[in-house]
Amino acid sequence: MNKEINNIFEQFLQKESLFKDKKALQSTYIPDEIKHRDIQITQIANILAPALRMEKPSNIFVYGKPGTGKTLSIRYLAEQMLTLADNKKIPLKIIYLNCKLKKIADTEYRLIAQLAREFGKEIPPTGLPTDEVYNVFFQTIDGEKQIILLILDEIDRLVEKAGDELIYNLTRVNTDLKQAQMSFIGVSNNLVFSNNLDPRVKSSLSEEEVVFPPYNAIQLQDILKRRASEAFKEEVIEEGVIQKCAAYAAREHGDARRAIDLLRVAGEIAERKGDKKITMKSVDEAEDTIERDKVIEIVKTQPKQFQATLYTVLLNKNNAKNKIVDTGTVYETYRDLCAKVGLRPLTQRRVSDIIAELDMLGVINAKVISKGRFGRTREISLLLPSNVEQKIKKILEEDLFS
DNA sequence: CGAGATTCATGTGAAGTATACCTTTAGGCTTAA
DNA sequence: AAGCCTAAAGGTATACTTCACATGAATCTCGTA
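Let us look at the structure shown here. (Residues numbered from 1 in each chain as written. Chains lettered and ligands numbered in written order. Predicted model: local features only at pLDDT ≥ 70, side-chain atom pairs only at ≥ 80, totals over all residues. Heavy atoms only, no water.)

Another aspect to go through is the packing of aromatic side chains. Following the criterion strictly, the structure yields eight aromatic pairs and no others. A ring pair is formed by Phe-19 and Phe-232, whose centres lie 4.9 Å apart and whose planes are at 25°; its orientation type is stacked. With a gap of 213 residues between them, Phe-19 in the loop between helix H1 (3-14) and helix H2 (38-48) and Phe-232 in the loop between helix H9 (217-231) and helix H10 (241-251) connect regions that are remote in the sequence. Each member of the pair, Phe-19 together with Phe-232, is buried. Aromatic ring contacts, followed pair by pair, group Phe-119, Tyr-134, Phe-137 and Phe-138 into a single cluster. It is Arg-75 that lies over the ring of Tyr-96; its NZ or CZ is 4.2 Å from the centre. (Phe/Tyr/Trp six-rings, centres within 6.5 Å; stacked < 30°, edge-to-face > 60°. Helix = DSSP H or I, 4+ residues; strand = E, 2+ residues; numbered from the N terminus. Buried < 20%, exposed > 50% of the residue type's maximum accessible area, 1.4 Å probe, protein only. Lys NZ or Arg CZ within 6 Å of the ring centre and 35° of its normal.)

Residues in contact with DNA strand C amount to 21 residues; listed here are only the nearest, Thr-107, Thr-130, Thr-347, Arg-350 and Arg-376. Within the contact set of DNA strand C, a sugar or linking oxygen lies 3.3 Å away from a side-chain nitrogen or oxygen of Thr-126. Here a base nitrogen of DNA strand C and a backbone polar atom of Gly-127 are 3.2 Å apart. Those elements giving two or more residues to the surface near DNA strand C turn out to be helix H4 (108-118) and helix H15 (348-361). When grouped by side-chain class, the residues that make up the surface near DNA strand C number six nonpolar, eight polar and seven charged. (Near = heavy atom within 4 Å. Polar contact = N/O pair within 3.5 Å; in protein donor to acceptor, adjacent residues only side chain to side chain. Nonpolar A, V, L, I, M, F, W, Y, C, P; charged D, E, K, R; others polar.)

Glancing now at the pattern of salt bridges. When charged atoms on two side chains of opposite charge get close, those side chains can pair. Enumeration according to the criterion identifies 21 salt bridges in this entry. The salt bridge partner of Arg-251 is Glu-287, with a shortest N-O separation of 3.7 Å. Of this pair, Arg-251 sits in helix H10 while Glu-287 sits in helix H12 (residues 280-300), placing them 36 residues apart in sequence. Taking the relative accessible area as the measure of exposure, Arg-251 reaches 59% and is therefore exposed. The structure contains a network of salt bridges with shared partners spanning Lys-22, Asp-261, Arg-264 and Glu-268. (Salt bridge = Lys/Arg side-chain N within 4 Å of Asp/Glu carboxyl O.)

One can find Ser-183 in strand E4 (residues 181-188). C-alpha separation for the pair Ser-183 and Pro-31, spaced 152 residues apart in sequence, amounts to 25 Å. Excluding anything up to four places from it in sequence, Ser-183 contacts Lys-56, Pro-57, Ser-58, Asn-59, Ile-148, Leu-149 and Leu-150. A polar side-chain atom of Ser-183 sits 2.6 Å from the main-chain carbonyl oxygen of Pro-57. (Contact = heavy atoms within 4.5 Å.)

Moving on to the nonpolar core. Considering soluble globular proteins, one finds that nonpolar side chains tend to be buried as a cluster. Membership of the largest hydrophobic core comes to 37 residues, with the highest contact counts inside it found for Leu-111, Phe-137 and Leu-170. Among the elements that line this core, the one with the most residues is H4, at six residues. Excluding its chain neighbours within four sequence positions, the residues that come into contact with Phe-137 are Ile-112, Leu-115, Ala-116, Phe-119 and Met-182. Membership of the second largest hydrophobic core comes to 33 residues, among which are Ile-296, Phe-306, Cys-338 and Ala-366. (Core = buried A, V, L, I, M, F, W, Y, C linked by side-chain atoms within 4.5 Å.)

This is the structure we're talking about:
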């Protein structure tokens, strides 16, 4: 074994970790107690409670900005209900689906297929009629008396891509079900989303509504302190670090997830450097790292064509004087690039859609504007810090030219 | 000078096509009685 | 004759293409003051 590598591991083991339990800062972690969301949690609990008596609860529509504890609260309740149901032998099933995940739940077929899979049915990725998959799903769940809670996270994404008819169909399944009953919990980050919904869909989905307001700085601090005490060992956090994390997040509409990420990454950075304490400086560094890692992760997992499109945007952006490019120039360079790397070029129509999707992912910023006499186009710009941009460029080059 | 027409470059919707994958069906081959 | 395998037929979802029309403000045109 390589001696250097071995050294790294040895050193790592000798170094005393700052963390006691890193899980407490990961996004999947559900704490025993959720702070400052009592009102929302009781509200939802009251609505869902009938499920434990085998009565179908009302459908709920939950909304609030990112990082306001929506997903966390619901998962927490789900967990509680499941343990209770398990003890008392109540046939309760809770399914959680995140609709923004590409290839999982972003079309009608895929959503239903995924649901059926949750119940242990094998559904092929394509080939079956959607009706058929519906049938399989119905029959599976109606096979026994049970209550099903379906949590659709980021439901706005789903509706945007697949239309609201799908939701309407889903909310009406109960009329066809003899034994089982199904309720919906739609979760959305987008506050105005429900206004664009078909009124019928809206009324059936949001029989009840729960709003999650942003946390304020004090609440954020409180949450962070709690998490930190679980995650870190005693005395490893320097004075003011928590406040700083909270302040950063409060600036971004009280996004607790961001605050927690910040703290975790700051801890990781400090640990890697061999520091004994997490300092303010680590937080600053974490601030840079986080955004970068998030975007990089997205970029890496995109299909080749998306990467190629993004790459041409990057190329053009640097040549343009005001850092803004338009669809036409992107498409031209895109074709050149395709020729260079041996990729079959797509039509401008498709590239236009891809640009729109990249915009939705938040990697680029594309706005449709009319330049009067000079036609109309998308003004594409990047909002990433230049070091992130360089890194992405490198990754794309590796991916594309190999 | 100003209202309305024109224009450009691309957005955008609808319909069609290619591909990958599915089930069903029919035929052919093997096997066992 | 029954059973099993394979290949063809017929069907679907998805990503993409093709076609055609929609947009919307800068610019042009032309009638009027």
